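Fold and contact review
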Amino acid sequence: MTLTCIAALGLSAFLTAQAAPAASAGGAGQRKAHNAEASPAAFEQLSKAADRARSENDNENAIRLYRRALSLRPAWPEGLWYLGILEYEKERFLDARDVLRRFVSYDPTAGPGWAVLGMSEFKSREYSRAFDHLRRAMALGMGGRKEMAQSVFYFVAVLLTRFEQYNESMNMLLAMVKSAQKTDLLVEPLGLAALRMPLLPAEIPPDRREMIRMAGQGALAVEAGRQDEAEKLFSGIVAAHPNEPGVHFLYGVFLLDLRPADGIAEIKRELEISPFHVAARLRLVEEYLKEERFDESLMLAEEAVKLEPKDGPAHMMLGEVLLAKGDLAGGIRELEASEKQAPETVRTRWDLLRAYTTAGRKDDAQREKEEIEKLNAPTGEQEP
Amino acid sequence: MAVSGHPIYIFSMKRFSWLLALFLAPLSALSTTPQKSFEQIAKQADAARTADRMSEAIGLYTQGVRLHPAWSDGWWWLGSLLYDEDRFAEAAPAFKKFVALTPKSGPGYAFLALCEYETQDFGSSMKHFGEWARRGSPGNDALLDVAGFRWASLLTREGRFNEALYLLAAKAAKVGRTPALVEAMGLASLQMNSLPEDYPPERRELVWLTGEAAYYSATGATLRASQYADRLLLHYSHEPGVHFFRGTLFEFQKDFGAAEQEYEEELRSSPDNGPAMTELAVTLVDDVQPDKAVPIAERAVSLEPQNPRAYYALGSALLATGKPEQGARALEKAKQFAPNSSFIRFTLAKAYRVLGREEEAKREAAAFLALRDKQEVLAWPGNRGATPEQVEVQGTKKP
């Protein structure tokens, strides 16, 4: 199934839903403002004809009629919505996008509106806007429309990878796996996130598709607890592509749980191939901390911060190392730097809560506790 | 996907009746409302805007400019509010009206150009970015950031890669690395006449790796740049433009031997590649091998008879081989095509001096001094003396 099909599934689900998105009270004032300009009889005639044409599947005619009706009443929410949907179905994504932008400007609380707008922008390759708008749809919720939510989650997850937020992407994709979605569709996105390649599935170079699919299947195997299968896949990738950046890191992270010494060796091999790999350093820091190898972990954490001074996780790990070494002030400093870069990372806030408590900074600790509660509170569409 | 016969149809017709009632009720009330004056509308529009009632504000500003088409503030706010809602096709005419009424206002041109970029009216967008620059590129950081980026993308699309890279490198130094910046630098570095939205998806990895190398090179992280440049060879060593790009990286790092090798490699796969030939000649001159450079530069000029850089390479090579008269002729030709190039004027001054043509040498030296901070055509807007006009991208200040 292609991306188009996934998006279409979402739309289909939305169209069968019991509540249209334009029902919010916020649009009423706008309707009033425009009524004075419209000719009610002509508008009524056109809008009815448009609905009829749509119901008869005469979509080109419906589009034309919706446009004419909207020229009389530009803020007609249903008209904007159906016109947007019809343009999307015709794969005229730029037209759909423009109409849906108007729709959401009149009803900014319509989650499904943002969802289809984001999908239209994705199709027009306006990835940054698509990402923002799809996330807005997630935050607002899609009124329990499961298939639409799945489509939105999928698009957001693949865009997270393209924007180099691999861990967040992986988390979303695995949540989708857990919610029993068709895993075939998720293999390539998982592989890309696992190998930390900032590409969409459609952008995969043909000579690496197999490698990426194996990485994705490996991730699925890990998730299902099929460790032997996962190891076979990951070691197979390493054997077939020994010089490819990312593959030793992936295999190494997998091995850390099974045979830590082998995992460390693989991650070190990755650092030989990719000497600027920050995530590889941070994973080693975590392992060394577990093994109480504080000096090695400190060196790597400092290198990571030097390479990426604005990286929240790098500061977080350095903070954790410093705390482990007993440097409370230094640890808090680094954790605060991490919090500044990535305020939504709950782990940093837990670290800070503990550090402030140790330092006797009760108010700061309390603030962190409240922030953690806020961050853990459910909002919008939580489940894919 | 068909919707005919779907339950939504029945539902929507019921809903339609309900909505119709909703629409008709206030209409009768509105019909008795007395006509508002322009002043009332303007006041209400400003109040709606400051209270964040954006849809209402848009409606009121629209009414206001209809009543009073010379109301420049009205056009400004209408354009700004529509821009904020990504309604670029509607915002563009408002900004067009605004700049016609207040032609001295630079930010209006930037917003107009941005809207035109979004509506794919690229010719007008380029023109209006130019107007913005001519007025000193005023605006706050957010406007400079987005306008500089879009302008650079258009320059890439037009094949003005060096100018695009100049803008992007300045942005890299100022705001740091972002995935979008890396992508834009990749396109310009590979000399692909494309926008980030329209290049072939299968070239994404190539563009990304090239962009990473270009970004780290521009920000002085040479080793990291080389790491990405080497990754390019793993899968794209036969891809057109890759060795050329690697050559430019090494040339930038003053590793002339490595740069020459890369340009030669590029020329092996595409023997008529004028830019690669030109850069090879320039590198050979820098590497004190002007004799080798002359025939290559001559061929570059014959392949690209309108490329100022090719004439510059030839002129520099001839000058360095003790042929200042011929060198000056080639450099004059280069100047003819690129009068704002500081390094061409500098080298021409040198040639005139060797020839004893002191007056002309002085003139060229003065031109060089005047141009050197501009680096070719563009100066990064943020580095210029700010004009008094400062506006917020989000439209929170008056123009």
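Residues numbered from 1 in each chain as written. Chains lettered and ligands numbered in written order. Predicted model: local features only at pLDDT ≥ 70, side-chain atom pairs only at ≥ 80, totals over all residues. Heavy atoms only, no water.

Some words on the overall build of chain B
Let me state the cut-off plainly: Under the DSSP-based scheme used, a helix requires at least four consecutive residues in state H or I and a strand at least two consecutive residues in state E, with every element numbered from the N terminus. We call a residue buried when its accessible area falls under 20% of the maximum for its residue type, exposed when it is over 50%, and partly exposed in between, using a 1.4 Å probe and counting protein chains only. Whether two residues are in contact is decided by their heavy atoms: any pair within 4.5 Å suffices. Here the accessible surface of atoms and residues is derived via Shrake-Rupley with a 1.4 Å probe, and residues count as covered only by protein chains that are part of the display.
Each helix and strand in chain B was counted, giving 20 helices and zero strands. Within the span of chain B, comprising 399 residues, buried residues form 53% of the whole. Residue pairs in contact within chain B that sit at least 24 positions apart in sequence constitute 54% of those at least 6 positions apart. Accessible surface computed for chain B: about 17,500 Å², of which carbon and sulfur atoms make up 54%.

Thoughts on the overall build of chain A
Looking only at helices and strands, chain A has 21 helices and zero strands in total. Expressed as a percentage of the 384 residues in chain A, the buried residues total 57%. Put simply, of all contacts in chain A between residues at least 6 apart along the chain, 54% involve residues at least 24 apart. A total accessible area of about 15,900 Å² is found for chain A, and carbon and sulfur atoms account for 52% of it.

Points about the pattern of salt bridges
All names here are of chain A. Threshold: By salt bridge we mean one thing: a side-chain nitrogen of Lys or Arg within 4 Å of a carboxyl oxygen of Asp or Glu.
Counted by the stated rule, this structure contains 72 salt bridges over all chains. Put simply, Glu87 and Arg67 hold a salt bridge, and the shortest N to O gap is 2.8 Å. Here Glu87 is found in helix α5 (residues 77-89), whereas its partner Arg67 is found in helix α4 (residues 59-72), with 20 residues between them in sequence. Given a relative accessible area of 35%, Arg67 falls into the partly exposed group. Among the ionic pairs, Arg269 bridges to Glu272, the shortest N-O distance being 3.0 Å. In this pair, Arg269 and Glu272 both sit in helix α15 (residues 260-273), three residues apart, roughly one turn of the helix. A residue is classified by how much of its surface remains accessible, and Arg269, at 30% relative accessible area, is partly exposed.

With respect to the packing of aromatic side chains
Counted only if it meets this: Geometry of aromatic contacts follows a simple scheme: Phe, Tyr and Trp rings, the Trp one being its six-membered ring, pair when their centres are within 6.5 Å, and the pair is stacked under 30 degrees between planes, edge-to-face over 60, tilted otherwise. Whether a charge lies above a ring is judged from NZ of Lys or CZ of Arg, which has to be within 6 Å of the ring centre and within 35 degrees of the ring normal.
Applying the stated criterion to the full structure yields 29 aromatic pairs over all chains. Ring centres of Trp81 of chain A and Phe103 of chain A lie 5.5 Å apart, and the angle between their planes is 45°; this geometry places the pair in the tilted category. Highlighted residues: Trp81 of chain A in helix α5 and Phe103 of chain A in helix α6 (residues 93-106), separated in sequence by 22 residues. Of the two residues, Trp81 of chain A and Phe103 of chain A, neither departs from the other in class, the shared state being buried. Taken together, Trp76, Tyr83, Phe88, Phe95, Phe98 and Phe111 of chain B form an aromatic cluster joined through their ring pairs. Positioned above the aromatic ring of Tyr82 of chain A is the side chain of Arg54 of chain A, whose terminal nitrogen or guanidinium carbon lies 3.7 Å from the ring centre. The ring of Phe43 of chain A carries Arg73 of chain A above its face, with NZ or CZ at 3.9 Å from the centroid.

Some thoughts on the packing of helix α15 (residues 274-286) of chain B against helix α17 (residues 308-320) of chain B
Residue and element names in this part refer to chain B. Going by this rule: Axes, fitted as lines to C-alpha atoms, cover a helix only where it is in contact. Angles between the N-to-C directions of the axes lie from 0 to 180 degrees. To sort the angles, those under 35 degrees are grouped as roughly parallel, those over 145 as roughly antiparallel, those from 65 to 115 as roughly perpendicular, and the leftovers as oblique. What makes a crossing left-handed is the near helix being turned counterclockwise from the far one by less than a right angle; a clockwise turn instead makes it right-handed.
Here α15 crosses α17 at 30°, and the two axes come no closer than 9 Å. In terms of their interaxial angle, α15 and α17 are classed as roughly parallel. As α15 runs across α17, the sense of the crossing is left-handed. In this structure, α15 contributes Thr278, Glu279, Ala281, Val282 and Val285 to the contact, and α17 contributes Arg309, Ala310, Tyr312, Ala313, Ser316 and Ala317.

With respect to the nonpolar core
Residue and element names in this part refer to chain A. Applicable threshold: Among buried residues, those of type Ala, Val, Leu, Ile, Met, Phe, Trp, Tyr and Cys that are joined through side-chain atoms within 4.5 Å constitute a nonpolar core.
Membership of the largest hydrophobic core comes to 87 residues, with the highest contact counts inside it found for Val152, Leu159 and Leu190. The leading source of residues in this core is helix α9 (residues 146-162), at 11 residues. Excluding residues that lie within four positions of it along the chain, Leu190 makes contacts with Met170, Leu173, Leu174, Val177, Gly216, Ala219 and Leu220.

Things to note about the confidence of the model for chain A
What counts, and what does not: pLDDT is defined as a per-residue confidence score from the predictor, taking values between 0 and 100.
Here chain A averages 89 in pLDDT, while 88% of its residues score no lower than 70. Taken as a whole, residues 1-37 of chain A scores under 50 in pLDDT and shows 91 contacts with residues more than four places along the chain or in a different chain.

Looking at the confidence of the model for chain B
Segments scoring low in pLDDT should not have their predicted coordinates read at a detailed level. Residue and element names in this part refer to chain B. Mean pLDDT over chain B works out to 85, with 84% of the residues at or above the 70 mark. Within the model, pLDDT remains below 50 along residues 1-33, and this stretch shows 56 contacts once partners closer than five positions in the same chain are excluded. Note on residues 376-399: pLDDT under 50 across the span, and 74 contacts to partners over four residues away in sequence or across chains. The ipTM value of the predicted complex is 0.86, and its pTM value is 0.83.

Quick word on helix α13 (residues 242-252) of chain B
All names here are of chain B. Burial runs high along α13: nine of the 11 residues are buried. Residues of α13 that are buried: Val242, His243, Phe244, Phe245, Arg246, Gly247, Leu249, Phe250 and Glu251. Taken together, the buried residues of α13 touch α10 (179-189), α11 (204-218), α12 (222-236), α14 (256-269), α15 and α17. Of the residues trailing α13, Lys254 is marked for its positive phi of about 60°.

So, the packing of α17 of chain B against helix α18 (residues 324-337) of chain B
All names here are of chain B. We apply this condition: By the convention adopted, Pro, Cys, Tyr, Trp, Phe, Met, Ile, Leu, Val and Ala count as nonpolar, Lys, Arg, Asp and Glu as charged, and the other residues, Gly among them, as polar.
α18 packs onto α17 with a crossing angle of 160° between their chain directions and a minimal axis gap of 7 Å. As judged from the angle between their axes, α17 and α18 are roughly antiparallel. Like other packed secondary-structure pairs, α17 and α18 cross with a definite hand, here left-handed. Along the contact surface, α17 presents Pro308, Tyr311, Tyr312, Leu314, Gly315, Ser316, Leu318 and Leu319, while α18 presents Pro324, Gln326, Gly327, Ala330, Leu331, Lys333, Ala334 and Phe337. Partitioned by chemical class, the residues of the contact of α17 with α18 number 11 nonpolar, four polar and one charged.

A word on the environment of Glu272 of chain A
Residues and elements named next belong to chain A. Using the following cut-off: In protein, a polar contact means a hydrogen-donor-capable atom and an acceptor-capable atom, both N or O and within 3.5 Å, with residues adjacent in sequence counting only if both atoms are side-chain atoms; elsewhere, any N or O pair within 3.5 Å suffices.
By relative accessible area, which is 58% here, Glu272 ends up exposed. Distance in space between the C-alpha atoms of Glu272 and Arg135 is 37 Å, their sequence separation being 137 residues. Among the polar contacts made by the side chain of Glu272, one reaches the side chain of Arg269 at a distance of 3.0 Å.

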